[in-house]
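# What the coordinates show
In case you want the letters, here they are:
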Amino acid sequence: MTTRTVIEGCAIATVDATGTEYRDGHIVIEDAWIVAVGDGPAPDKAGGVGTSNYRRIDGRGRLATPGLVNCHHHLYQWATRGLAQQATLFEWLVELYPVWALIDDETCWAAARAGLAALARSGCSTSTDHHYVFPRHAGDLLEVEIGAAASVGLRFHPCRGSMDLGRSDGGLPPDEIVENRDAILAASEYAIDRFHDPAPGAMVRIALAPCSPFSVTRGLMTDAAELARRRGVRLHTHLAETLNEERFCQEHFGVRPVDYLDELGWLRDDVWLAHCVHIDDAEVRRFGATGTGVAHCPNSNARLGAGIAPVADLIAAGAPVGLGVDGAASNEDGGLASEMRAALQFARLAGGPQAMTARHALARATIDGARCLGREDELGSLEAGKLADVGLWRIDGLDGAGIEDPVAALVFGATQAVELLLVGGREIVEGSELRTVDESLVADEIARASRQLAAKAEARV
Ligand SMILES: [Zn+2]
């Protein structure tokens, strides 16, 4: 039996290849998939033969967009928000690594649920996570966060992260939180075996993600790429976030960060990289020529004073640029709609008011993010044949009323919670409230987990 959902009366920004929009349109959903999008009321309100469940959603005064796609996160960091407030990236890492060494399955469960709940409320239907801290005896943290994503109801692309270059070998992280290369590769392959779903409509896909040039050996970067390509999963890491990293690469590898990745076979269209703030014009062109994706994280870059990524140039060069919230310890907001606004404002701060339009910002947050994850064929736009991941935003309240252009109301206007979020046709947020989890319970859990972690860190000092 089919479940049919019809949304009518709303403005629609489809974010399809030609930017089709409707002032007053409809979306028809059957089970997890969109079957029609168009102008005016839906042609068949009664539902077809064999339809057991029919639901009509009144979209008047609303804007429908694709569900937003978050391309970079560290969910566990939700348990260490608000710390190292004036630090640069390297100072912030050095202060937080010893605390992160104490995380366990309870910390990760609470943090992942909090982070994913905040993302859902901000209109995000698909999120990655880059988890790279695996303390011994902490439990199966990847399995824990996949369970957390299932409980919130988001589509999830966890990246099996890793660090194998400890301080004693010239890296930045303390030795106690790095792993052995063979153990990392075995755990990565096991994660693919257990969790990666290559089928259409998948709720979980795995990527491999050694952490950064200053915490991972050259050998692990090479082996992870070989493993990912052998198993058909994508690759992710941090790159060119700060000038300190650039100096590190020049001192340790004799080249700039982008050259280093190129040497390792990491500039390709199955790779997306977080940040890419400090890249020059020639490097931008190499991203475009190779189709290497970028997860732009403007609020985190601002929080750490890292700089502004050359997003408009990357787009002009043909590179996919999605948006990421980054870890909540360097972006205490953790919502994706605010990244959309920040991306627009940062592009304009760097390149003037022509540098990014509201529609460009929405594309970064949707279809371009789907491209980074290799899922543009089924996510990132509202079109028949795509998954029913849909955000419905109020544009008739105080925040949006009087702004004629609904996309401008969403991107330029006050950052608001999504009113309705569907993931595969399922209601995750309704009436701007989470339907899958109890928000106050999630808040209590993360408050307790954060206090316990802080107490453990205090006791160890
Ligand atoms: Zn990050």
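Our structure is the block above this text.
Bear in mind the structure is a predicted one, so any value in this text is a computation, not a measurement.

### Structural notes on the overall build of the protein chain
Looking only at helices and strands, one finds 15 helices and 17 strands in the protein chain. In terms of overall dimensions, the protein chain is globule-like: its C-alpha atoms have a radius of gyration of 21 Å, near the 23 Å expected for 461 residues. Across its three principal axes, the protein chain shows a C-alpha extent of roughly 65 × 45 × 45 Å. Residues classed as buried in the protein chain amount to 60% of the 461 residues present. Considering only intrachain contacts with a sequence separation of at least 6, the fraction spanning at least 24 residues in the protein chain is 74%. If you sum the accessible surface of the protein chain, you get close to 16900 Å²; carbon and sulfur atoms cover 50% of it. When the 42 basic and 65 acidic side-chain charges of the protein chain are each reduced to a single mean position, those positions are 2 Å apart.

### Let's talk about empty space enclosed by the protein
Evaluation of the coordinates by the stated rule reveals two cavities of 30 Å³ or more. Size it by volume and the largest cavity reaches roughly 120 Å³. Considering the residues around the largest cavity, the lining is formed by 16 residues, among which Leu-89, Trp-92, Leu-93, Tyr-132 and His-238 are closest to the centre. Counting residues per element, the lining of the largest cavity draws most heavily on helix H1 (residues 89-100), at four residues. Within the lining of the largest cavity, the residues separate by chemical class into eight nonpolar, six polar and two charged. As a volume, the second largest cavity reaches approximately 40 Å³. Forming the walls of the second largest cavity are Arg-160, Ser-162, Ile-184, Leu-185, Ser-188, Leu-208, Ala-209, Pro-210, Leu-220 and Ala-224. The set of elements that each furnish at least two residues to the lining of the second largest cavity consists of strand E8 (155-162), helix H4 (181-195), strand E9 (207-210) and helix H5 (218-231).

### Thoughts on the packing of aromatic side chains
Considering all chains together, one arrives at nine aromatic pairs under this definition. Note on Tyr-97 and Trp-100: the rings are 6.0 Å apart at their centroids and 85° apart in plane angle, and the pair reads as edge-to-face. Here Tyr-97 and its partner Trp-100 are both found in helix H1, three residues apart, which amounts to about one turn of the helix. With a relative accessible area of 1%, Tyr-97 lands in the buried category. An aromatic cluster of three or more residues is present, and its members are Tyr-76, Trp-92, Tyr-97, Trp-100 and Tyr-132. Here Arg-160 stacks its cationic end above the ring of Phe-134, 3.7 Å away from the centre of that ring.

### As for the pattern of salt bridges
Under the counting rule described, the total for this entry stands at 37 salt bridges. The partner of Asp-259 in a salt bridge is Arg-286, with the nearest N and O atoms 3.0 Å apart. Of this pair, Asp-259 sits in helix H7 (residues 257-263) while Arg-286 sits in helix H8 (residues 281-290), placing them 27 residues apart in sequence. Given a relative accessible area of 24%, Asp-259 falls into the partly exposed group. Note that Asp-368 is salt-bridged to Arg-371, the shortest N-O span being 2.5 Å. Pair noted here: Asp-368 and Arg-371 are both in helix H13 (residues 367-372), with a separation of three residues, about one helical turn. Note on Asp-368: relative accessible area 5%, which makes it buried. Three or more residues are tied together by salt bridges with common partners; here these are Glu-189, Asp-193, Glu-226, Arg-230 and Arg-231.

### Some points on the coordination of the zinc ion
Protein coordination at the zinc ion: the donors are His-72 (NE2), His-74 (NE2), His-238 (NE2) and Asp-326 (OD), at 2.1 to 2.3 Å from the metal. Coordination at the zinc ion is irregular, judged from the four donor atoms that bind it and the angles of 91 to 174° they form at the metal. Positions of the donor residues of the zinc ion, expressed as sequence spacing, correspond to H-x1-H-x163-H-x87-D. Of this pair, His-238 sits in strand E10 (residues 234-239) while Asp-326 sits in the loop between strand E13 (321-323) and helix H11 (337-351); the two residues are 88 residues apart in sequence, bridging distant segments of the chain. For His-238, a relative accessible area of 7% puts it in the buried group.

### Section: the nonpolar core
Counting residues in each nonpolar core, the largest one holds 130 residues, and the members touching the most others are Trp-92 and Leu-116. In contact with Leu-116, other than residues within four places in its own chain, are Leu-75, Ser-127, Ala-148, Ala-149, Val-152, Leu-154 and Phe-156. Within the second largest apolar cluster, 14 residues are counted, among which are Ile-7, Ile-29, Ile-34 and Ala-64.

### So, helix H3 (residues 141-152)
Taking 1.5 Å per residue, 12 residues should reach 16 Å; H3 reaches 17 Å between its end C-alpha atoms and fits that length. Where burial is concerned, most of H3 is hidden: nine out of the 12 residues are buried. For H3, the full list of buried residues reads Leu-141, Leu-142, Val-144, Glu-145, Ile-146, Ala-148, Ala-149, Ser-151 and Val-152. A positive backbone phi angle near 100° is found at Gly-153, which sits one or two residues after H3.

Definitions and cut-offs
- Residues numbered from 1 in each chain as written.
- Predicted model: local features only at pLDDT ≥ 70, side-chain atom pairs only at ≥ 80, totals over all residues.
- Heavy atoms only, no water.
- Helix = DSSP H or I, 4+ residues; strand = E, 2+ residues; numbered from the N terminus.
- Rg over C-alpha atoms; globule rule 2.2 N^0.38 Å.
- Buried < 20%, exposed > 50% of the residue type's maximum accessible area, 1.4 Å probe, protein only.
- Contact = heavy atoms within 4.5 Å.
- Areas by Shrake-Rupley, 256 points an atom, 1.4 Å probe, with all protein chains shown as cover.
- Lys, Arg positive; Asp, Glu negative; His and termini not counted.
- Charge placed at Lys NZ, Arg CZ, Asp CG, Glu CD.
- 1 Å grid on protein atoms, 1.4 Å probe; cavity = no way out; pocket = protein on both sides within 12 Å on 5 of 7 lines; lining within 4 Å.
- Points joined across faces, edges and corners; volume = space filled by probe spheres on them.
- Nonpolar A, V, L, I, M, F, W, Y, C, P; charged D, E, K, R; others polar.
- Phe/Tyr/Trp six-rings, centres within 6.5 Å; stacked < 30°, edge-to-face > 60°.
- Lys NZ or Arg CZ within 6 Å of the ring centre and 35° of its normal.
- Salt bridge = Lys/Arg side-chain N within 4 Å of Asp/Glu carboxyl O.
- Donors = N, O, S within 2.8 Å, 3.2 Å for Na, K, Ca; no water.
- Tetrahedral: all angles 85-135°; square planar, octahedral: opposite > 155°, others 65-115°.
- Core = buried A, V, L, I, M, F, W, Y, C linked by side-chain atoms within 4.5 Å.
- Expected span 1.5 Å × (residues − 1).

Note that every value here comes from positions in space, so none of it alone points to a role or purpose.
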